[in-house]
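Reading the structure
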Amino acid sequence: MNNDQVRKALLSIRRTPHDFTVIMSGKKSRKVHGLYKPDTREIIIHNRNFKNDNELMYTAIHEYAHHLQFTSSAAPVSARTHTTAFWNLLHTLLFEAEEKGIYSNPFEQIEEFRALTREIRGRFLEGGGALMKELGKLLLHAHELCEKHGTSYPDYLDRVLGLPRTSAAVIVKSHTLDLDPKVGFENMRTLAGIRDDRARDKAQEELKAGHSPDMVKARYGAAAPPKSRLEALRSERERLQKSIENMKKRLKEIERRLSELNEE
């Protein structure tokens, strides 16, 4: 594929009003397969890294996600670009690319991966989820016993089981909410944090349908609703002003203590 073909394929996945350029470096890199330059809006692809066009398209979609991230974000994008919002965007683009036949998922195409996935999901993800759900039932019984005998449930968790209280609370929720262990315990943990029953059910169905954890977290997490660019910039300014003020206070306190030590 050449520059124009890749650019056309990316735009067919999702159009953007913000122009960009695709550049094949003609090089092989051991560090990265590609990169995005936000200042010039250039997607650089080290095309000699790839054995086929499908591999190249994955990197192209990844860098295109960065382009969309930088040009559509209400707030300035920080140096940490690989956020939950980014992974949600990338995974959504990959789903759309697969539906349009622009990219094919190798983990579904290659039988070795399919067999390994079945084993991991069956033995460890679903198995681990089922064990944690059963543990939640036992912890609930432990809480009842503590009440019955006038003992401390937190003390039982801390000193007898050595189980962090926050973890215990999530494990108990996995049982009381009757979460599906097929999604695995880490995703059960995410589901347990969704308060709305309907939203939780939708999130669970999306996980079972193959949506990534970051996609679910971005849609159903506790994040604030998207702001306009103006609101986002004002919020960012306010956050920075508070941080600077706190740092000034901290610096003043350190200087005072240094001065006291020098006088001793």
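Here the structure is a predicted model, which is why all the values come from computation and not from measurement. (Residues numbered from 1 in each chain as written. Predicted model: local features only at pLDDT ≥ 70, side-chain atom pairs only at ≥ 80, totals over all residues. Heavy atoms only, no water.)

Observations regarding the sheet that holds strand β2 (residues 34–37)
- In space, the 3 strands of this open sheet follow the order β1-β3-β2, with mixed pairing throughout. Since the sheet does not close on itself, it has two edges, and those belong to β1 (21–24) and β2, each with one partner. Averaged over all adjacent pairs, the angle separating strand axes in this sheet is 20°, with direction ignored.
- Where β2 meets strand β3 (residues 42–45), 4 bridges bridge the pair, whose relative direction is antiparallel. Pairing of Leu35 across the sheet is with Ile44, part of β3.
- Docked against the sheet, helix α1 (residues 3–13) engages β1 and β3, running at close to 140° with respect to β1.
- Contacting β1, β2 and β3, helix α2 (residues 53–72) runs over the sheet at an angle of about 20° to β2. (Pairing = 2+ DSSP bridges. Helix = DSSP H or I, 4+ residues; strand = E, 2+ residues; numbered from the N terminus. Axes fitted to C-alpha atoms, helices over the stretch in contact; angles between N-to-C directions. Contact = heavy atoms within 4.5 Å.)

Overview of the nonpolar core
- Core analysis: the largest hydrophobic core is formed by 26 residues, its most contacted members being Val6, Leu10, Ile45 and Ile61.
- Of all elements in the fold, only α1, β1, β3, α2 and α3 (84–99) reach the threshold of two or more residues within this core.
- The element best represented in this core is α2, accounting for 7 residues.
- Aside from chain neighbours lying at most four places away, what touches Ile61 is Leu10, Ile13, Leu90, Leu93, Leu94, Ala97 and Tyr103.
- Counting residues in each nonpolar core, the second largest holds 22 residues, with Leu139, Ile171, Val183 and Phe185 among its members. (Core = buried A, V, L, I, M, F, W, Y, C linked by side-chain atoms within 4.5 Å. Buried < 20%, exposed > 50% of the residue type's maximum accessible area, 1.4 Å probe, protein only.)

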